[in-house]
Amino acid sequence: MAARVLQQCVRSLARPSLRLCPVSAALRAAVAPAVGVHRPVSFAADSRRTRWLGQSRISSVVVLCRQYGDLPPLTLETIKDRVMYVLKLYDKINPEKLQETSHFMKDLGLDSLDQVEIIMAMEDEFGFEIPDAEAEKLMSPEEIVQYIADKKDVYE
Amino acid sequence: MTASTRSAVLSLYTRVFRIARAWQAQTGVMSDTETERRYIVQEARSLFRQNQQLTDQESIKRCIEECEARIEIGLHYRNPYPRAMYLPPMGLATQRGRRLRAQQRLRKQAKPIYLQSHDDT
C-alpha cells in the first residue's frame, strides 16, 4: 500500500543520513505540516514504531518513518474478522448459524431489505461506498470479503 | 413486482439510509441530530416492511412516490417528520347517516401523497 511504499522511500533516503542526525523528531517536524491526519497521531505512532522496529534491517534505536495518521493495512484475515463481527452484531442473524458461506436469503432467511441494511453496515465499517449495482449481488459473507479485498487491493 | 420496481425500491431504501447517516438537525443540538437520525431509520424500516407485501403496480408506484416526496420535503425543510396537513372541510363531523360517506371521500381526497402510509384519522 501507499504507506508501505513511502516507508521504503524514507528508509532508502534516510540510510546515508542515519549516522548524521539520529533524531527522528527532526524528520517528523519536517513532514508533519505536509500531512493531513485523520486519526490521533499517538495511536498510529505507537503501532507504526513497533512494526517498524520489527521489520527494519537497520540496527539502530532510531525510528525513521513518517508518522502518518493512517490505518494499519488490511489483510484478508482482518477483513473476514470484521465482516463476521458486524454480522454477528446484526439482530436478525442468529450468530450460531452464521458461517462464511451461508447465503443471506437461503440459509439465514433474510430478505432484500435486510441485505441492503447489511451492506450499509459494511460501508460504515470499512469507510467506503459500495454502489447499488454491485451491492445487490453480495449474498454471503465470503462474497463481501472478496469484494472488499478487490476494492482495497488486498492480495495474499 | 417487476425487476425495475424492485431495484427502484431498493435504491430508495439505500438513499434513505445514506441521508440518515449524514443527517444534521436544524436546531444544531447533538441529541436532536441523534434522535432524528434514529427516527429516519426507524420510519424507513417500518414503512418499507409494512408495504412489503404489495403486488399491485398502482399502489407500488404510489408508495414509491410517497417515499420520494418525503425525501424531498425532508431535505428541503430539514425536518424528517411528516409535514402536517389541515383537516378537510367537514373532516371531523360526527358519524351519522349520509354525511359519513361524503366525509370519508373528502378525507381520502385531501390526504396528500406523503401521508399515504399513515393510518391516523
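Note that the structure is a prediction, hence the values are computed from the model and not measured. (Residues numbered from 1 in each chain as written. Chains lettered and ligands numbered in written order. Predicted model: local features only at pLDDT ≥ 70, side-chain atom pairs only at ≥ 80, totals over all residues. Heavy atoms only, no water.)

Trainee: Could you give an account of the interface of chain A and chain B, naming the residues involved and the relevant values?
Mentor: By convention, interface size is frequently given as the accessible area that disappears when the constituent parts associate. In this complex, chain A contributes 15 residues to the contact, which on the side of chain B involves 12 residues. Note on chain A versus chain B: buried area summed over both sides is about 1,300 Å², and carbon and sulfur give 51% of it. Counting the surface chain A buries against chain B, the share from its top three residues, A:L113, A:E117 and A:M120, is 41%. On the surface where chain A and chain B come into contact, there are eight salt bridges. (Contact = heavy atoms within 4.5 Å. Buried area = accessible area lost by both parts, 1.4 Å probe. Salt bridge = Lys/Arg side-chain N within 4 Å of Asp/Glu carboxyl O.)

Trainee: I'd like to hear about the environment of A:L113, residue by residue, with values.
Mentor: Relative to the helices and strands, A:L113 resides in helix α5 (residues 112–126). With sequence-adjacent residues up to four places away left out, A:L113 is seen in contact with B:L10, B:Y13, B:F48, B:R49 and B:Q52. (Helix = DSSP H or I, 4+ residues; strand = E, 2+ residues; numbered from the N terminus.)

Trainee: Could you give an account of the packing of helix α1 (residues 3–21) of chain B against helix α3 (residues 57–77) of chain B, naming the residues involved and the relevant values?
Mentor: All names here are of chain B. Packing of α1 against α3 leaves a shortest axis separation of 11 Å and a crossing angle of 20°. Taken as axis vectors, α1 and α3 run roughly parallel relative to one another. As for how α1 packs across α3, the hand of that crossing is left-handed. Along the contact surface, α1 presents T5, A8, V9, L12, R15, V16 and I19, while α3 presents Q57, I60, I64, C67, E68, I71, E72 and L75. Here the residues of the contact of α1 with α3 sort into 10 nonpolar, two polar and three charged. (Axes fitted to C-alpha atoms, helices over the stretch in contact; angles between N-to-C directions. Parallel < 35°, antiparallel > 145°, perpendicular 65-115°, else oblique. Left-handed = near helix turned anticlockwise from the far one by under 90°. Nonpolar A, V, L, I, M, F, W, Y, C, P; charged D, E, K, R; others polar.)

Trainee: Help me get a handle on unusual backbone geometry, residues and values and all.
Mentor: Not every positive phi belongs to a glycine, and A:D153 is a case in point at roughly 55°. Tracing the backbone through its elements, the reader meets A:D153 in the segment after α7 (141–152). Of note in the backbone geometry, B:R78 takes a positive phi value of approximately 55° without being a glycine. You can see B:R78 is positioned in the loop between α3 and α4 (99–110). Note on B:R78: relative accessible area 28%, which makes it partly exposed. (Buried < 20%, exposed > 50% of the residue type's maximum accessible area, 1.4 Å probe, protein only.)

Trainee: So what's going on with α7(A)? Which residues, and what values?
Mentor: For an α-helix, 3.6 residues make a turn, and residues three or four places apart therefore share a direction. Residue and element names in this part refer to chain A. The terminal C-alpha atoms of α7 lie 16 Å apart, and with 12 residues this matches the ideal 16 Å at 1.5 Å per residue to within 8%. Taken together, the buried positions of α7 are P141, I144, V145, Y147, I148 and A149. Contacts from the buried residues of α7 go to α4 (76–89), α5 and α6 (132–135). D153 sits one or two residues past α7 and shows a positive phi near 55°. (Expected span 1.5 Å × (residues − 1).)

Trainee: Can you lay out the confidence of the model for chain B for me, pointing to particular residues and giving the numbers?
Mentor: A residue-level look at chain B finds 87% of positions with pLDDT of 70 or above and a mean pLDDT of 85. Taken together, the chains of this predicted complex give a pTM of 0.68 and an interface ipTM of 0.81. (pLDDT = per-residue confidence, 0-100.)

Trainee: Requested: an account of the pattern of salt bridges, with residues and values cited.
Mentor: Across all of its chains, the model carries 13 salt bridges over all chains by this definition. Between A:R82 and A:E125 there is a salt bridge, with the nearest N and O atoms lying 2.8 Å from each other. Of the two residues, A:R82 is situated in helix α4 and A:E125 in helix α5; the sequence distance between them amounts to 43 residues. The partner of B:R15 in a salt bridge is B:E72, with the nearest N and O atoms 3.6 Å apart. Of the two residues, B:R15 sits in helix α1 while B:E72 sits in helix α3, which places them 57 residues apart along the sequence. Since its relative accessible area comes to 46%, B:E72 is described here as partly exposed. Linked by salt bridges that have partners in common, A:E123, A:D124, A:E129, B:R18 and B:R21 make up one network.

Trainee: I'd love a proper account of a negative patch on the surface, names of residues and values included.
Mentor: Taken together, the side chains of B:D56, B:E58, B:E65 and B:E68 define an acidic patch exposed on the protein surface. Relative to the helices and strands, B:E68 resides in helix α3. (Patch = residues over 30% accessible without salt bridge, like charges linked within 9 Å, V, L, I, M, F, W, Y side chains within 5 Å. Areas by Shrake-Rupley, 256 points an atom, 1.4 Å probe, with all protein chains shown as cover. Lys, Arg positive; Asp, Glu negative; His and termini not counted. Charge placed at Lys NZ, Arg CZ, Asp CG, Glu CD.)

Trainee: I'd like a rundown of the side chain of A:E123, residues and numbers included.
Mentor: By the secondary structure assignment, A:E123 is in helix α5. In this structure the side chain of A:E123 is engaged in a polar contact, spanning 2.5 Å, whose partner is the side chain of B:R18. At 3.1 Å, the side chain of A:E123 forms a polar contact with the side chain of B:R21. Apart from the residues within four sequence positions on either side, A:E123 is in contact with A:F128, A:E129, A:I130, B:R18 and B:R21. (Polar contact = N/O pair within 3.5 Å; in protein donor to acceptor, adjacent residues only side chain to side chain.)

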